[in-house]
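# Structural description and commentary
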Amino acid sequence: MAIPQASMGPSSLGQSGPGSMAPWCSVSSGPTRYVLGMQELFRGHSKTREFPAHSAKVHSVAWSCDGRRLASGSFDKTASVFLLEKDRLVKENNYRGHGDSVDQLCWHPSNPDLFVTASGDKTIRIWDVRTTKCIATVNTKGENINICWSPDGQTIAVGNKDDVVTFIDAKTHRSKAEEQFKFEVNEISWNNDNNMFFLTNGNGCINILSYPELKPVQSINAHPSNCICIKFDPMGKYFATGSADALVSLWDVDELVCVRCFSRLDWPVRTLSFSHDGKMLASASEDHFIDIAEVETGDKLWEVQLPTPAYLVLWGLPVFLLLGVWWDLLGLVLLGQYVVWRGR
């Protein structure tokens with residue numbers, strides 16, 4: 001089945017159809033009440049803390065589905081899990097067994113006790129925090145760099161350096177499908193409905209496959225250069241992509257049109273994360289700050305200053321209620337050996 005080519009997103013203002021800018025996309029005339037309120041909250045309630053995590057560079061971090069634990073993976077071949085207690089992270093356990101760098105990890109979408117790690121040692125490992133042991137080791141064909149768990153919890157997708165994506169049954173721990181791609185595969189993700197599989201590639205495109213059939217559905221020319229990362233908002237309304245062109249583009253999930261672009265970064269966009277309610281989008285790069293934007297208007301909410309580039313940023317679940325306002329944790333990985341989080 002041939003993949004239909006869509007018109008380019010951020011470069012096709014005024015066009016319509018899948019992969020183009022939506023005709024209702026417009027520039028906000030001024031800060032909204034929400035923006036002003038959030039700016040005031042960030043201004044008055046900002047703090048940053050560092051927690052020693054590994055003996056070498058941290059490559060990946062992820063929150064469990066209940067927001068109580070934070071896992072990190074490192075070049076030192078280990079994973080660590082922290083327990084969130086009030087205003088601090090307490091290191092719970094180290095997880096050893098991989099023979100190479102732990103390059104990415106993710107948690108089960110609904111079971112807060114299980115997480116999976118991907119390594120350059122040509123394996124993935126599933127861990128149970130209740131026993132602190134590896135409950136399954138799955139051999140793969142290449143050095144693994146990407147991993148994600150399907151929203152229904154039944155499948156784990158892992159991508160390697162040879163642009164092969166393998167789909168593994170989460171119960172039997174056996175491969176049930178494998179796809180070799182002819183382009184550079186960067187980040188992989190299911191949509192929230194679990195019926196489509198998305199890949200960003202080195203040609204600036206978003207490739208969409210049906211799931212579980214894995215048949216090509218759409219190829220969107222999203223950016224004029226390398227499309228690096230992709231994230232879906234928790235509400236299922238939008239997904240965002242980041243590119244080497246330093247742009248973040250926001251896409252309508254149902255219409256597959258680009259509704260908005262964010263252009264406040266100067267370096268390739270390495271990482272994206274939506275807040276738990278889908279109202280805020282954090283993006284980061286080699287720029288020494290994290291841009292936090294209001295999703296619906298594109299307005300700048302805040303700028304988190306950093307001493308170094310940030311290669312991973314993620315929002316946690318709301319962790320406590322204060323004065324009627326839910327607060328989030330914004331976690332980020334810097335170049336060092338630390339897990340860093342910022343509370344607002």
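The name an unreviewed UniProt entry assigns to the protein is THO complex subunit 3, from the organism Bos indicus x Bos taurus. As recorded by UniProt, the Subcellular location (unreviewed entry) comment attached to the protein reads in full: "Nucleus speckle". Comment text from UniProt for the protein, heading Sequence similarities (unreviewed entry), reads "Belongs to the THOC3 family."

### Considerations on the UniProt feature "repeat: WD" (unreviewed entry) in the protein
The positions UniProt marks with the feature "repeat: WD" (unreviewed entry) are residues 51–92, 95–137 and 220–254. Taken end to end, residues 220–254 has its terminal C-alpha atoms 14 Å apart, with 0% of it in helix and 54% in strand.

### Comments concerning the nonpolar core
One finds Ala240, Val248, Leu250, Leu272 and Leu281 to be the most contacted residues of the largest nonpolar core, which totals 17 residues. Residue assignment for this core shows that the elements contributing at least two residues are β19 (227–232), β20 (238–243), β21 (248–252), β22 (258–262), β23 (271–274) and β25 (289–294). If we ignore the near neighbours within four places in the chain, the residues touching Ala240 are Cys229, Ile230, Lys231, Val248, Ser249, Leu250, Leu272, Phe274 and Leu281. The next biggest cluster of nonpolar side chains, apart from the first, holds 16 residues, and it includes Val35, Met38, Ala282 and Leu306.

### Examining the pattern of salt bridges
Taken as a whole, this structure holds ten salt bridges when the rule is applied. Of the charged contacts in the structure, one is a salt bridge between Glu92 and Arg69, with a shortest N-O distance of 2.7 Å. Pair noted here: Glu92 is in strand β6 (residues 88–95) and Arg69 is in strand β4 (residues 69–74), with a separation of 23 residues, a long-range link. Here Glu92 falls in the partly exposed class, since its relative accessible area comes to 28%.

### Details of the environment of Ser110
In this fold, Ser110 is placed in the loop between β7 (102–107) and β8 (114–119). Relative accessible area serves as the criterion here: at 55%, Ser110 is assigned to the exposed category. Between the alpha carbons of Ser110 and Asp66 there is a distance of 8.1 Å; along the sequence they are 44 residues apart.

### Some details on helix α1 (residues 33–44)
Compared with the 16 Å implied by 1.5 Å per residue over twelve residues, the 17 Å span of α1 between its first and last C-alpha is a close match. Three or more residues of α1 are buried, namely Val35, Met38, Gln39, Leu41 and Phe42. Projected down its long axis, α1 shows its buried positions confined to an angular sector of 160 degrees, all on one face. Pointing more than 90 degrees away from the buried face of α1 are the exposed residues Arg33, Arg43 and Gly44.

What counts, and where the lines are drawn
- Residues numbered from 1 in each chain as written.
- Predicted model: local features only at pLDDT ≥ 70, side-chain atom pairs only at ≥ 80, totals over all residues.
- Heavy atoms only, no water.
- UniProt positions renumbered as here; feature names shortened; annotations may be inferred.
- Helix = DSSP H or I, 4+ residues; strand = E, 2+ residues; numbered from the N terminus.
- Core = buried A, V, L, I, M, F, W, Y, C linked by side-chain atoms within 4.5 Å.
- Buried < 20%, exposed > 50% of the residue type's maximum accessible area, 1.4 Å probe, protein only.
- Contact = heavy atoms within 4.5 Å.
- Salt bridge = Lys/Arg side-chain N within 4 Å of Asp/Glu carboxyl O.
- Expected span 1.5 Å × (residues − 1).
- Arc of directions from axis to C-beta.

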